[in-house]
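Okay, here's what each chain looks like letter by letter:
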Amino acid sequence: MAKPVLINTEPVVKVGIPFYGGIPASMSQLMAELLVQGLPGYKVLVTTHQSALLTHARNHLIEEPEGIHFDYLFQIDSDMGFQGDVPQFDERGLVPMAAAMKRILDRRLDICGGLYVRHEAPHTPHIYRWARDAEGNRLGTFQAILDFPEDQVIEVDAVGTGF
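Residues numbered from 1 in each chain as written. Predicted model: local features only at pLDDT ≥ 70, side-chain atom pairs only at ≥ 80, totals over all residues. Heavy atoms only, no water.

**Observations concerning the pattern of salt bridges**
Here the structure, examined in full by the defined rule, presents one salt bridge. In this structure, Asp 106 engages Lys 102 in a salt bridge whose closest nitrogen and oxygen atoms are separated by 3.0 Å. Of this pair, Asp 106 and Lys 102 both sit in helix H3 (residues 96-106), four residues apart, which is roughly one turn of that helix. A relative accessible area of 40% means that Asp 106 is categorised as partly exposed. (Salt bridge = Lys/Arg side-chain N within 4 Å of Asp/Glu carboxyl O. Helix = DSSP H or I, 4+ residues; strand = E, 2+ residues; numbered from the N terminus. Buried < 20%, exposed > 50% of the residue type's maximum accessible area, 1.4 Å probe, protein only.)

**Description of the pairing of strand E1 (residues 12-19)**
The element E1 is extensively covered by neighbouring structure, given that eight of its eight residues are classed as buried. Side chains Val 12, Lys 14, Gly 16 and Pro 18 project from E1 onto one buried face, and the interleaved Val 13, Val 15, Ile 17 and Phe 19 project onto a second face that is buried too. Pairing geometry for E1 and strand E2 (residues 43-50), over eight bridges, is parallel. Bridge pairing in E2 links Ile 17 to Thr 48. Of the crossover connections in this fold, the one passing from E1 over helix H1 (residues 25-37) to the parallel E2 is right-handed. (Pairing = 2+ DSSP bridges. Right-handed = clockwise from strand over helix to strand, strands pointing away.)

**A closer look at H1**
Compared with an ideal rise of 1.5 Å per residue, which puts 13 residues at 18 Å, H1 spans 18 Å between its outermost C-alpha atoms and is within 8% of the ideal. Restricting attention to buried positions, one finds in H1 the residues Met 27, Leu 30, Met 31, Glu 33 and Leu 34. Projected down its long axis, H1 carries its buried residues within an arc of 160 degrees, all on one side. Exposed side chains of H1 directed beyond 90 degrees from the buried face belong to Ala 25, Leu 35 and Val 36. After H1 finishes, the residue Gly 38 shows a positive phi value of roughly 70 degrees. (Expected span 1.5 Å × (residues − 1). Arc of directions from axis to C-beta.)

**Overview of the sheet that holds strand E6 (residues 158-159)**
In spatial order, the strands read E5-E4-E6; together these three strands make up an open sheet with antiparallel pairing. With one partner strand each, in any of the chains shown, strand E5 (138-144) and E6 form the two edges of the open sheet.

**Here's the deal with the packing of aromatic side chains**
For the structure shown, the criterion picks out two aromatic pairs. Geometrically, the ring pair formed by Tyr 128 and Phe 142 is tilted, given 6.4 Å between the ring centres and 55 degrees between the ring planes. Remark: Phe 142 occurs in strand E5 and Tyr 128 occurs in strand E4 (residues 127-132); sequence separation between them is 14 residues. Phe 142 gets classed as partly exposed once you look at its relative accessible area, which sits at 37%. Through pairs of rings, three or more aromatic residues link up here, namely Tyr 128, Trp 130 and Phe 142. Geometry around Trp 130 places Arg 138 over its ring, the cationic atom sitting 4.4 Å from the centre. (Phe/Tyr/Trp six-rings, centres within 6.5 Å; stacked < 30°, edge-to-face > 60°. Lys NZ or Arg CZ within 6 Å of the ring centre and 35° of its normal.)

**Thoughts on the side chain of Lys 14**
Its location among the elements puts Lys 14 in strand E1. No salt bridge is formed by the buried Lys 14; its nearest oppositely charged neighbour, Glu 63, is found at 7.6 Å. With sequence-adjacent residues up to four places away left out, Lys 14 is seen in contact with Leu 45, Thr 47, Leu 61, Glu 63, Pro 65, Phe 70, Tyr 72, Leu 73 and Phe 74. (Lys, Arg positive; Asp, Glu negative; His and termini not counted. Contact = heavy atoms within 4.5 Å.)

**Some thoughts on the environment of Asp 106**
A sequence separation of 65 residues divides Asp 106 from Gly 41, and the C-alpha atoms of the two residues are 8.9 Å apart. Within the structure, the side chain of Asp 106 is placed 2.6 Å from the side chain of Tyr 42, a separation counted as a polar contact. (Polar contact = N/O pair within 3.5 Å; in protein donor to acceptor, adjacent residues only side chain to side chain.)

**Overview of unusual backbone geometry**
Generally, phi is negative for residues other than glycine and the peptide bonds are trans, each holding for most cases. At the junction of Ala 121 and Pro 122, the peptide bond is cis and its omega measures out at -5 degrees in the coordinates. Within the secondary structure layout, Pro 122 lies in the loop between H3 and E4. Located in the positive-phi region is Arg 108, a residue other than glycine, with phi close to 60 degrees. Along the chain, Arg 108 falls in the loop between H3 and E4. Looking at Arg 108, the relative accessible area reads 45%, which means it is partly exposed.

Okay, structure coming up:
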């Protein structure tokens, strides 16, 4: 007799947190919230990887171990955190970062990145469009997008992929 197969109808989200050294309290709190409350409509897997080379840690987090499948991957650097000491909860009981994750996931986008700005002046955002000549042909370089709407997801040609 064949064994019954359980089919997970919720998309699986792997939250990968690369780090070097320790994980700050705010990130530990997010991990705990995701494990306890999850994200409504999604099954959440939380994993970390420590390495002196963060690129190595990020690459390791992309790998799918035998038998573990995920539909979405969120890589959140361990130094990302909450504003203020105590995170506020939204109407669904989610902390701000978890609420932002849910808003992004609900859009069912293939790739989405956070908005980062250069550390040194000028603090231009790391969101780009292809540079084009007068006829509209791509020039092979990118141009920073300096004018963009706040609190909206926009389509770009290149973006940093952190969160």
